[in-house]
Amino acid sequence: MRIIFPLLLLVFLTVENCPQGRTYTLSGVISEAESGEVLIGAYVAVYKDSLKKGNPLRSITSNKFGFYSLPAMAAGKYYLYSGALGFETFGKHIEMTGEAAGIRLDIHLKKSSILLSEVTVMAEKYEDFANTSGTVELDPEMIQTLPSFGGETDIFRALQLLPGVSNANELSAGIYVRGSSADQTLTLIDGVQVYNPSHLGGFASTFNSDAIQNIKLIKGAFPAQYGGRLSSVLDVTTREGSSEKFIGSLSLSNISSRFTIEGPLAEKSTYILSARMMYLDKLLTLIPQADKFPRYGFYDANGKISYNISETDKLFITGFFSSDQLSEPTASKDIGFDIGWKNSTVNMTWTKIYSSQIFTSTSLVYTYYDFKTAMKDKNPTKKDALDFFTSSLVNDFQLKTDIQFYLNPSNILQMGAEVTYHNFEVLTSDFYNTQLKYSVNPGRSYKALEVSLFAQDEITVFSDLKTNVGMRFYYYNEGKLYGWEPRVSFTYYAFDRLVLRGSFAIANQPIHLSQGMMFISLLMSGFHLLQQLNPPVRCRAHLVLKQQVPIKPFYLLLKDTTKTSKTFMSIKRMPILLIPATTKGNLPQEEARLMVSSCSSIKGLVT
C-alpha cells in the first residue's frame, strides 16, 4: 500500500499538469447503432484532413466496455474515423476548441453488408499492437459455423483447433494449453471465475455461444491483471442484449434444446437470457432395453442486465448457472452410482467514467461449485464392498476493482485490487446413505483469504515497439504466503515480414483440480488448496480431493517438514485424498485419510 498511494498521487499530478499549450482529451463509448451494445476492439483514428493520407495522427481501440480515450490532443480541426469488422466506417469533422478540456463523443456504428465481385489484396506492414504475445480472439459467429456434436456448438472444441491447444483425449473436458493441465487455465465469464466450465466428457462447454460477444485466449505470460493460474487465461464476455426491440430464437434437436431472448427492459436498460437443456435421460425411456444405459442430463443458463445510471455510470448484473447429473442404469444389479456437479456465479459490476482520461470498474462476485459422488455396492456378499461417498463444495466471495489512466498517447496505466474469501467443504466416507448426500456441511471446512494487487503500464517506446510492464502482489493467509509476480511482454516490428514477440511472467496457483486415470478424472473431480507456495506451484503439503475406495488412515507427506524420523512402507495403490499436513508437529489421526485406487505403487509415510 505504501507504493500504491504515491503512485496514484503521481498519476493525478500527471493528468492535471498539461504540457505547454492548450490540450484536449477526446473520449467516449463505441456501440452498435441498432442494438446499443458496446463494441470491443473498435478502432478510432484521427487525421489532419479527410483524405487520410499517411499514418493517423492518433489512434486507439476501445476496451471491453467500449470506452476509448485520446488524451493530450492539441487545439485545432481534425477528421475522426471509427470502425470495426462488419460495420460501416464512421467519419466526423471535429474541432478542438473551447474552455472544456474534455470532449465527449459517443460513436454508434452501423452494420454493413457489402457484396464484392472482386477483391485485390495488397500486402502491407502489419501493425496490430492490440494483442500481447500468445493472445487469440475468436468470433462467436465463426464458432457456430463449425461442425458440432448433436447440434451443440462448443467453444472448447473450437479452441482446440488453435496452435498450442489440445485435449488429453476424446472424452476429456477442458483445454490443455502447451502441455499444461485443464485446471491451470483461468476461465472467466464476465470477469467471474468458473471452476468446471464443461459438461460430461467435453460434450459441450457450459457457455452458450448465442449469448457470447467476445472470446479471448491468452496462451501464456498473461498480463498482471490476471492471476491465480499458471498456464493460460480464457476470458469470455457475454452480450448485453438489444436496446432496440425484442429478439428471440429457439433451437430444437434430438437430444437437446436451447433458446435466447433479449431486448430493452426499460428506457435505459437491456437484458439477455440464454438457456440450454439436454434431455437424453428422458428419451432413453422410449428406447428398447434402455434400462442398460446410464442416465445423463444437464442444463445451463446465462443472463445479463445492463442499466445506464447516467452518461458516465453503468451497472451490470450477470448470472451463470449449470448442472449435470449422471446415474446408473436402472437394470444395474452390481454397482449403483449417482454423480452430479453444479456451477453458479453472480456478478454485479459498476463502471464509471470519472473523466475523459480515467475509467474504473468495480465488481462484487459470488461463485459456487458443488461436486458429489455416491457409489453403492448392490451385492453385499462381496468381500470388498465398493460403497463410498465424497463431496467437494466451493464458495467464493470476491470484491475487485481496477482503474485505467489514459495518461498520454503512448502510456496507458492500469491498477487494481482483488480480495477473495474461499470456503472449501470436503467430505469423504467409506459408506453411503441419503443422509450424507442431503445433510448440511457434514464434512470438514477449509477457509482461505486471498488478496492481490496489480499495476501494469502499456508503453509505446517508439512507433514499432510496444511493451506491457506489470507487477502483481499476492497474499494467502493459509501459511502466510505472499510474493511478487513480475510480468513483461513486448511486440516489435523489426521488418515488414518479421514481427518479434516476447514475454516473461512468474505465476503462482493455490487451487488445483485433482487428476487421475481417464475415467476417474472424467467423472470424479474436486478442488484442493495448496498450503505452501514455491515456484512454480511451490507446495509443501496440499489437500487433494478424489473419490475411490478407502482403507485405514495413513499419513502421507510430500515433504517431511517436521524433520522427524518416520517409517516408510510401500503401498501398491495410488493416494487419492490427502488432508493437508501442518508445518509443525505431527498430524492428528482424524486429520489424515488415505484413499486408494489400483495404480502404480508409491511410498507413503505412516504412523
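Residues numbered from 1 in each chain as written. Predicted model: local features only at pLDDT ≥ 70, side-chain atom pairs only at ≥ 80, totals over all residues. Heavy atoms only, no water.

### Focus on the overall build of the protein
Helix and strand counts for the protein come out as 6 helices and 35 strands. Split into buried and exposed, the 607 residues of the protein put 51% on the buried side. Sequence separation of at least 24 residues holds for 62% of the intrachain contacts in the protein that already meet a minimum separation of 6. As displayed, the protein has an accessible area near 29,800 Å², and 58% of this comes from carbon and sulfur atoms. (Helix = DSSP H or I, 4+ residues; strand = E, 2+ residues; numbered from the N terminus. Buried < 20%, exposed > 50% of the residue type's maximum accessible area, 1.4 Å probe, protein only. Contact = heavy atoms within 4.5 Å. Areas by Shrake-Rupley, 256 points an atom, 1.4 Å probe, with all protein chains shown as cover.)

### Some points on the environment of Glu418
Secondary-structure assignment places Glu418 in strand S24 (residues 411-429). Contact partners of Glu418, with chain neighbours within four places excluded, come to Gln225, Gln398, Leu399, Lys400, Glu450, Val451, Ser452 and Arg472. Polar contacts involving the side chain of Glu418 include one to the side chain of Arg472, which spans 3.2 Å. (Polar contact = N/O pair within 3.5 Å; in protein donor to acceptor, adjacent residues only side chain to side chain.)

### What about the layout of surface pockets?
Its volume calculated, the second largest pocket comes out at about 1,000 Å³. Lining the second largest pocket are 31 residues; nearest its centre among them are Leu85, Phe87, Asp139, Glu141 and Gln213. Among the secondary structure elements, those contributing two or more residues to the lining of the second largest pocket are strand S9 (135-138), helix H2 (140-144) and strand S14 (212-218). Tallied by class, the residues present in the lining of the second largest pocket amount to 10 nonpolar, 9 polar and 12 charged. (1 Å grid on protein atoms, 1.4 Å probe; cavity = no way out; pocket = protein on both sides within 12 Å on 5 of 7 lines; lining within 4 Å. Points joined across faces, edges and corners; volume = space filled by probe spheres on them. Nonpolar A, V, L, I, M, F, W, Y, C, P; charged D, E, K, R; others polar.)

### A short note on the sheet that holds strand S5 (residues 76-83)
The 4 strands are arranged S3-S2-S5-S6 in an open sheet whose pairing can be described as antiparallel. For this open sheet the edge positions go to strand S3 (58-61) and strand S6 (90-96), each flanked by a neighbour on one side alone. Taking the axes of each pair of neighbouring strands and ignoring which way they run, one obtains an average angle of 20 degrees across the sheet. Pairing of strand S2 (residues 43-47) with S3 involves 4 bridges; the strand directions are antiparallel. (Pairing = 2+ DSSP bridges. Axes fitted to C-alpha atoms, helices over the stretch in contact; angles between N-to-C directions.)

### Re a nonpolar patch on the surface
A grouping of Leu265, Ile305, Ile317, Met348, Leu364 and Leu399 is seen on the molecular surface, where their side chains present a nonpolar patch of about 530 Å² in accessible area. Checked against the element boundaries, Leu364 lands in strand S22 (residues 358-377). (Patch = residues over 30% accessible without salt bridge, like charges linked within 9 Å, V, L, I, M, F, W, Y side chains within 5 Å. Salt bridge = Lys/Arg side-chain N within 4 Å of Asp/Glu carboxyl O.)

### Things to note about the nonpolar core
Membership of the largest hydrophobic core comes to 25 residues, with the highest contact counts inside it found for Leu26, Ile30, Val44, Tyr68, Leu80 and Ile107. For this core, the elements supplying multiple residues, two or more each, are strand S1 (23-32), S2, strand S4 (67-74), S5, S6 and strand S8 (107-109). The next biggest cluster of nonpolar side chains, apart from the first, holds 20 residues, and it includes Tyr195, Tyr296, Phe388 and Val426. (Core = buried A, V, L, I, M, F, W, Y, C linked by side-chain atoms within 4.5 Å.)

### Notes on the pattern of salt bridges
Summed over the entire model, instances satisfying the criterion amount to 14 salt bridges. The shortest N-O distance in the salt bridge between Lys372 and Asp370 comes to 2.7 Å. When its relative accessible area of 22% is taken as the criterion, Lys372 is described as partly exposed. A single network of salt bridges, built from pairs that share partners, joins Glu37, Arg239 and Glu262.

### Describing the environment of Asn55
With respect to the helices and strands, the residue Asn55 is situated in the loop between S2 and S3. The spacing of Asn55 and Ala45 is 10 residues in sequence and 9.2 Å in space, taken between C-alpha atoms.

### A short note on the packing of aromatic side chains
All chains considered together, the criterion is met by 13 aromatic pairs. Relative to Phe397, the ring of Tyr366 has its centre 4.9 Å away and its plane inclined at 40 degrees; by these criteria the two rings are tilted. Note that Tyr366 is positioned in strand S22 and Phe397 in strand S23 (residues 388-408), a separation of 31 residues in sequence. Among the residues examined, Phe397 registers a relative accessible area of 44% and is labelled partly exposed. Counting every residue linked through ring pairs, the aromatic cluster contains Phe65, Phe67, Phe316, Phe359 and Tyr406. If you follow Lys52 out to its NZ or CZ, it ends over the ring of Tyr81, 4.5 Å from the centre. (Phe/Tyr/Trp six-rings, centres within 6.5 Å; stacked < 30°, edge-to-face > 60°. Lys NZ or Arg CZ within 6 Å of the ring centre and 35° of its normal.)

### Regarding the sheet that holds strand S15 (residues 232-238)
With mixed pairing, the 5 strands of this open sheet are ordered in space as S9-S14-S15-S12-S13. Each edge of the open sheet is held by one strand with a lone partner, namely S9 and strand S13 (192-193). Pairing of S14 with S15 involves 6 bridges; the strand directions are antiparallel. Among the inter-strand pairings, Ile215 is bridged to a residue of S15, identified as Val236.

### Things to note about the side chain of Asn468
Structurally, the position occupied by Asn468 is in strand S26 (residues 465-476). The class of Asn468 is buried, set by a relative accessible area of 5%. Those residues within four positions of Asn468 in sequence are excluded, and the remaining contacts are Gln456, Asp457, Glu458, Arg487, Val488 and Ser489.

### What to know about unusual backbone geometry
Here Ala72, not a glycine, exhibits a phi torsion of approximately 55 degrees, which is positive. Its location among the elements puts Ala72 in strand S4. On the basis of relative accessible area, Ala72 is assigned to the partly exposed category, the value being 32%. With phi around 55 degrees, Asp190 is a residue other than glycine that occupies positive phi space. For Asp190, the position within the fold is in the loop between strand S12 (185-189) and S13.

### Digging into the confidence of the model for the protein
Looking at the protein as a whole, its pLDDT mean stands at 75, while 72% of the residues score no less than 70. The secondary-structure element of the protein with the lowest mean pLDDT is strand S34 (residues 595-597), recorded at 26, while S8 shows the highest, at 95. Note that pLDDT drops below 50 for residues 530-607; the model gives that stretch 193 contacts with residues more than four away or on any other chain. (pLDDT = per-residue confidence, 0-100.)

### Observations concerning the side chain of Glu450
Counting through the fold element by element, Glu450 comes out in strand S25 (residues 444-462). Among the polar contacts made by the side chain of Glu450, one reaches the side chain of His422 at a distance of 2.7 Å. Residues contacting Glu450, with those up to four places away along its chain left out, are Glu418, Val419, Thr420, His422, Tyr475 and Tyr476.

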